Amino acid sequence: MKKLVFVISLIFTSSIVFAQQKFSFAFFTDIHLNNNAKANSFKGLEQAALLAKQQKVDFILTGGDNVDVDAMKEDRLTQAKDLYQRYQDLVKKSGMKWYFTLGNHDRYWHSDGEYGTGLFQNYFGKTYYSFEHKGWKFIILNSAEICDSKYCVSDAQKAWLADVLAATPSSQPIIVSTHVPFLSLYYPVLEGYYTDKDTFKNQQEIRAMFDKHNLKLVLQGHQHLYEEIKVKGVQYITGGAVSANWWSGAFHGTEEGFLKVNLNGDQFHWEYVDYGWKG
């Protein structure tokens, strides 16, 4: 019995130590890789990834809109595949671990897969999934699904999320990545209007699923803006854009950049990193 108690105690202690390890990761959203030679988007992404590597992040997490293929017609399948392949080659060449979030521009509507996700899945895997890293749970959502012509998280994905949360200890710190935001104030406050294309339809319902869990941070994309909102103890950050104004300069004051998140135990802080892109 004493031996069993000792083993249980050792496992418990080890898990606490494991959860307290410091680490950093980079959030790269709205990269918008394309075939426009003037944009030079692949060179820009290489520069951003190199800086992230030099800053010794454990991995890169993308926030969606990795490539621009959603407007390509059926006869441009070869070009769509080429963009994905070049992106995959760049990721491998970087020598870093990457995790991917799907955005609305990543959907090639003429491929297999619901909502045009076939090419994304062929190159980078599932459109929603979870993983753990040094005591933190990361949940990657696909908020570019379609319900009644609006962005949403589908019923199938909700059922999956319920299972993930049921298997997650209530005290474990959680980070969520979503392309289409839960929350954003940019357009209502600065432009004077609200559009339902700038948040996903059932965000309130999805947010409520985390009420009995330790949701700490939600990372968002889509807006190309750097924005911070804190509500009910949860930090929401819209992480700017690696491409800024689609590779043509700053977007409403947000330069080309990425978010660096530094974690220590169950605490975190962050900074928006301008990686110095000049085009």
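Predicted model only: the values in this text are computed from it and were never measured.

(A) Local environment of a nonpolar patch on the surface. Taken together, the side chains of Leu185, Val189 and Leu190 define a hydrophobic patch exposed on the protein surface, amounting to about 320 Å² of accessible area. Within the secondary structure, leucine 185 is located in the loop between β8 (173-178) and α6 (186-191).

(B) Up close: the pairing of β8. Burial within β8 is extensive, with six of its six residues counted as buried. Note that strand β5 (residues 136-140) and β8 share four bridges and pair parallel. Bridge pairing links phenylalanine 138 to isoleucine 175 in β8. Here β8 pairs with strand β9 (residues 214-220) via six bridges, running parallel. Across the sheet, isoleucine 174 pairs through a bridge with leucine 215, a residue of β9.

(C) Spotlight on helix α2 (residues 41-54). For α2, with 14 residues, the first-to-last C-alpha span of 20 Å sits near the 20 Å given by 1.5 Å per residue. Taken together, the buried positions of α2 are Ser41, Phe42, Gly44, Leu45, Ala48, Ala49 and Ala52. Within α2, the buried residues cover an arc of 155° as seen down the axis, which keeps them to one side. Taken together, the buried residues of α2 touch β1 (23-28), β2 (59-62), α3 (77-94), β3 (98-99) and β12 (257-264). Positive backbone phi, approximately 60°, marks lysine 56, located one or two places after α2.

(D) Examining the packing of aromatic side chains more closely. Enumeration over the complete set of coordinates arrives at 28 aromatic pairs. Ring plane angle 80° and centroid distance 5.4 Å describe the contact between phenylalanine 59 and phenylalanine 138, whose orientation is recorded as edge-to-face. Highlighted residues: phenylalanine 59 in strand β2 and phenylalanine 138 in strand β5, separated in sequence by 79 residues. For phenylalanine 59, a relative accessible area of 1% corresponds to the buried category. Here tyrosine 187 and tyrosine 193 contribute two aromatic rings whose centre-to-centre distance is 5.7 Å and whose plane-to-plane angle is 40°, an arrangement assigned as tilted.

Conventions adopted
- Here the residue numbers are simple positions, counted from 1 along each chain's written sequence.
- In keeping with the model being predicted, local features are shown solely for residues with a pLDDT of at least 70 and side-chain atom pairs are shown and tallied solely at 80 or more, while totals for entire chains, interfaces and linings include all residues.
- Calculated side-chain values reflect all of the structure's heavy atoms, with hydrogen atoms and water omitted.
- Without a salt bridge and with relative accessible area above 30%, a residue can belong to a patch; like charges are then joined within 9 Å and nonpolar side chains (Val, Leu, Ile, Met, Phe, Trp, Tyr) within 5 Å.
- Calculation of accessible area relied on Shrake-Rupley with a 1.4 Å probe; when residues are assessed, cover is drawn exclusively from the protein chains displayed.
- Salt bridge, as used here, is a side-chain nitrogen of Lys or Arg placed within 4 Å of a carboxyl oxygen of Asp or Glu.
- To qualify as a helix, a DSSP run of H or I must reach at least 4 residues; to qualify as a strand, a run of E must reach at least 2; elements of each kind are numbered from the N terminus.
- The rule is simple: take the accessible area with a 1.4 Å probe, protein chains only, and divide by the maximum for that residue type; under 20% is buried, over 50% is exposed, in between is partly exposed.
- When DSSP finds two or more bridges between two strands, those strands count as paired.
- Working rule for helices: expected span equals 1.5 Å times residues minus one.
- Think of it as the arc spanned by the lines of direction from the helix axis to the C-beta atoms.
- In what follows, residue pairs with any heavy atoms lying within 4.5 Å of each other are defined as contacts.
- Classification of ring pairs uses Phe, Tyr and Trp, with its six-membered ring standing for Trp, and accepts pairs whose centres are within 6.5 Å; under 30 degrees between planes counts as stacked, over 60 as edge-to-face, and the remaining range as tilted.

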